[in-house]
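Results of the structural survey
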Amino acid sequence: MSTTAIAAPTMSSTPAPAPLSKPVVFATSGLGGMLGWVLVHPANTAAVRMNLASLQGTKFSFGAMIRENGVMSLYDGLAAGVWRQVFYASSRFGLFETCRDKLHEIRGKTDFAGRVAVGAVTGATAAIISCPMEVATVRMSNDATLPAAERRNYKGVADVVKRIYVEEGAAAFWRGSSPFAQRAALVGVFQVATLDQFKEMYAHYLGQKKNSVPNVFCAAMTSGLIYSIATMPLEASKNRMANQKPDPKTGKLPYTGTVQLMRTVAAKEGFLSLYNGFLPYYMRCGGHTVSMFIIVQMLRDFYTKSTM
């Protein structure tokens with residue numbers, strides 16, 4: 001009697017996709033930040049103008065702004081804002097993932113504390129790198145609301161960079177860098193680090209596939225709300241320091257640091273004035289968080305599929 005050997009069934013498994021190269025990580029981060037910024041720049045312009053209105057001794061009115069300057073004035077400074085994302089988004093998100101992965105190699109795990117530390121350091125680093133474009137964005141966004149005699153009348157990004165360097169010196173590009181770096185460190189914690197954590201949480205409790213569009217959307221909305229509340233006072237401080245001018249009599253700048261600025265504003269206008277413009281700021285933060293991370297994920301999915 002002959003016996004026929006039956007081969008055991010083989011399990012076919014789909015290999016996990018290879019990790020993205022660092023150039024791809026940085027490039028998709030920067031491109032996602034740029035495309036996301038195009039969508040939310042009008043909200044940023046409104047937030048900056050509303051926040052700086054009390055500094056200029058005026059009351060902000062969205063309707064009056066549109067009547068006086070037109071709808072397209074909401075896109076003032078768009079080019080500088082996009083250039084800012086080239087440096088800020090690519091370095092912030094790209095450095096975070098690079099350092100997070102390196103820390104995992106060293107420690108053998110990636111926990112929330114590690115994400116928080118890496119997010120804070122890489123966020124502040126990205127702010128210092130991109131601060132010149134941040135100053136340009138704030139000035140171009142708010143210039144149209146100033147009295148005619150006080151306007152700088154910038155013609156574009158190149159004109160802003162040239163005039164700041166010639167008229168005020170290279171140090172002016174980093175005016176407001178302290179609150180910007182402090183804000184960016186909190187953004188690194190609340191946006192980048194918590195986004196990772198919320199993606200895992202929603203995948204576990206809601207049964208979402210991690211890094212799917214619904215998963216990224218839910219995590220980004222939660223992360224955006226938290227960091228908007230936490231960083232608004234620092235955003236207001238950064239706007240004021242980036243837009244300030246020397247006193248015509250003494251030649252001194254009114255604000256010299258974050259703590260001094262907050263104390264001065266709280267004494268003269270009340271601490272809550274630092275939250276002027278919160279609604280458009282949240283629209284900017286929440287909108288950019290959602291759009292950026294979804295676009296980044298879509299770009300990476302497309303790249304992975306096209307190279308398989």
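Residues numbered from 1 in each chain as written. Predicted model: local features only at pLDDT ≥ 70, side-chain atom pairs only at ≥ 80, totals over all residues. Heavy atoms only, no water.

Within the chain, the secondary structure is distributed over nine helices and zero strands. Going residue by residue from the N terminus, the α and β elements of the chain occur as α-α-α-α-α-α-α-α-α. Overall, the chain is about 110 × 35 × 35 Å in size when its C-alpha atoms are taken along their principal axes. Scored against the burial criterion, the 308 residues of the chain give a buried share of 47%. Here the analysis covers contacts within the chain between residues at least 6 apart in sequence; of these, 79% occur between residues at least 24 apart. When the accessible surface of the chain is split by element, carbon and sulfur atoms take 66% of a total near 15,500 Å². Taken together, the 32 basic and 18 acidic charged side chains of the chain have centroids lying 1 Å from each other. (Helix = DSSP H or I, 4+ residues; strand = E, 2+ residues; numbered from the N terminus. Buried < 20%, exposed > 50% of the residue type's maximum accessible area, 1.4 Å probe, protein only. Contact = heavy atoms within 4.5 Å. Areas by Shrake-Rupley, 256 points an atom, 1.4 Å probe, with all protein chains shown as cover. Lys, Arg positive; Asp, Glu negative; His and termini not counted. Charge placed at Lys NZ, Arg CZ, Asp CG, Glu CD.)

Okay, unusual backbone geometry next. With phi around 50 degrees, N153 is a residue other than glycine that occupies positive phi space. Among the structural elements, N153 can be located in the loop between α4 (112-142) and α5 (157-168). Phi at N211 is positive, roughly 75 degrees, even though this residue is not glycine. Its location among the elements puts N211 in the loop between α6 (177-205) and α7 (213-243).

What follows concerns the environment of V25. Looking at the secondary structure, you find V25 in helix α1 (residues 22-53). Spatially, the C-alpha atom of V25 lies 9.1 Å from that of L95, the residues being 70 residues apart in sequence. In this view, V25 contacts L20, G94, E97 and R300; residues no more than four positions away in its chain are not counted.

This paragraph deals with the packing of helix α3 (residues 78-107) against helix α9 (residues 278-307). One can describe the packing of α3 onto α9 by two numbers: an axis separation of 13 Å at closest approach and a directional angle of 65 degrees. With respect to their mutual orientation, α3 and α9 come out roughly perpendicular. You can see that α3 and α9 cross each other, and the crossing is right-handed. For the pair formed by α3 and α9, the contact residues are R84, Q85, A89, R92, F93 and E97 on the first element and R284, H288, M292, F293, V296 and R300 on the second. Of the residues contributing to the contact of α3 with α9, the split by class is five nonpolar, two polar and five charged. (Axes fitted to C-alpha atoms, helices over the stretch in contact; angles between N-to-C directions. Parallel < 35°, antiparallel > 145°, perpendicular 65-115°, else oblique. Left-handed = near helix turned anticlockwise from the far one by under 90°. Nonpolar A, V, L, I, M, F, W, Y, C, P; charged D, E, K, R; others polar.)

Turning to the confidence of the model for the chain, a few remarks are in order. Summing up the model confidence of the chain, the mean pLDDT is 85 and the portion of residues at 70 or higher is 94%. Here residues 1-12 scores under 50 on pLDDT; set against residues more than four positions off or in separate chains, the count is zero contacts. (pLDDT = per-residue confidence, 0-100.)

This part takes up the pattern of salt bridges. Considering all chains together, one arrives at 19 salt bridges under this definition. A salt bridge links R139 to E168; the nearest nitrogen and oxygen atoms lie 2.6 Å apart. One end of the pair, R139, is in helix α4; the other, E168, is in helix α5, with 29 residues separating them in the sequence. Put simply, R84, E134, R183, E235, K238 and R284 are held in one network by salt bridges that share partners. (Salt bridge = Lys/Arg side-chain N within 4 Å of Asp/Glu carboxyl O.)

Residues Y88, A127, V160, I164 and Y281 are the most contacted members of the largest nonpolar core, which totals 28 residues. Those elements that provide at least two residues to this core are α1, α3, α4, α5, α6, α7 and α9. If one sorts the elements of this core by residue count, α4 sits on top with eight residues. For Y88, the contacting residues outside a window of four places in its chain are G123, A126, A127, S130, F180, R183, A184 and V187. Counting residues in hydrophobic clusters, the runner-up holds 13 residues, among them A89, Y202, F293 and V296. (Core = buried A, V, L, I, M, F, W, Y, C linked by side-chain atoms within 4.5 Å.)

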